[in-house]
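Okay, here's what each chain looks like letter by letter:
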Amino acid sequence: MNYETLLREHGLKVTPQRLGILSAIQEEGHMGIDDLFLQIKKKFPSISLATLYKNINTMVDVELLKEVALSGLKSRYEISKAAHAHLLCEKCGQLKDLDFDLKDLSTKIEYDSHYRMKRIDLMLSGICPDCQQQD
Ligand SMILES: [Zn+2]
Ligand SMILES: [Zn+2]
């Protein structure tokens, strides 16, 4: 993935911090602000949490990043891609993408409810295989 192109396509200036944020998130899949801050600080020791938030919010505003809201936990951020569902481990908080055709679901729900769909967030939760072994 070319992050410079991605930033420009979304009308944003390319900065080393933004490139660092994007590659960190891409590597992990989803990241919360605290993990991201620790990671980014390794590369940019002088960055403040406020600056990190500002960069994140700017990229969320142009929909380059997507905020994944989790009830009872801090939000995680991911690089926007096709609509997908999430699977959350209730024990360790691991978040996984699920390949699931949300378009079909959306079409069906529009048909049944006569709503015009704007966004779908589908979050499923359970206990991941690693945590099951610790029982
Ligand atoms: Zn787990
Ligand atoms: Zn995701």
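Within each chain, residue numbers correspond to sequence positions counted from 1 in written order. As a convention, the first chain written is A and the first ligand written is 1, with the rest following in written order. Note on the predicted model: pLDDT of at least 70 is required for a residue's local features to be given, and 80 or more for side-chain atom pairs to be given and counted; whole-chain, interface and lining totals, by contrast, use all residues. Computation of side-chain values covers all heavy atoms of the structure but excludes hydrogens and water.

## A closer look at the layout of surface pockets
Then comes step 1: Its volume calculated, the largest pocket comes out at about 620 Å³.
Then comes step 2: Elements supplying a minimum of two residues to the lining of the largest pocket: β2 (65-70) and α5 (102-113).
Then comes step 3: For the purposes of this entry, the term helix denotes a DSSP run of H or I that reaches at least four residues, the term strand denotes a run of E that reaches at least two, and both are numbered from the N terminus. Looking at which element gives the most residues to the lining of the largest pocket, the answer is β2, with five residues.
Then comes step 4: Across the lining of the largest pocket, the residue classes tally to 11 nonpolar, four polar and eight charged.
Then comes step 5: Estimated volume of the second largest pocket: approximately 250 Å³.
Then comes step 6: In the cavity and pocket records, a cavity denotes points on a 1 Å grid over the protein atoms alone where a 1.4 Å probe fits but cannot get out, a pocket denotes an open set with protein on both sides within 12 Å along at least 5 of 7 lines, and lining residues are residues with an atom within 4 Å of a point. Considering the residues around the second largest pocket, the lining is formed by Glu28, His30, Met31, Gly32, Ile33, Asp34, Asp35, Leu38, Gln39, Leu73, Lys74 and Arg76.
Then comes step 7: The set of elements that each furnish at least two residues to the lining of the second largest pocket consists of β1 (31-32), α3 (33-43) and β3 (73-79).
Then comes step 8: Counting residues per element, the lining of the second largest pocket draws most heavily on α3, at five residues.
Then comes step 9: Residues are grouped as follows: Ala, Val, Leu, Ile, Met, Phe, Trp, Tyr, Cys and Pro are nonpolar; Asp, Glu, Lys and Arg are charged; every other residue, Gly included, is polar. Tallied by class, residues from the lining of the second largest pocket come to four nonpolar, three polar and five charged. Grid points are joined across faces, edges and corners, and a volume is the space filled by probe spheres set on the points.

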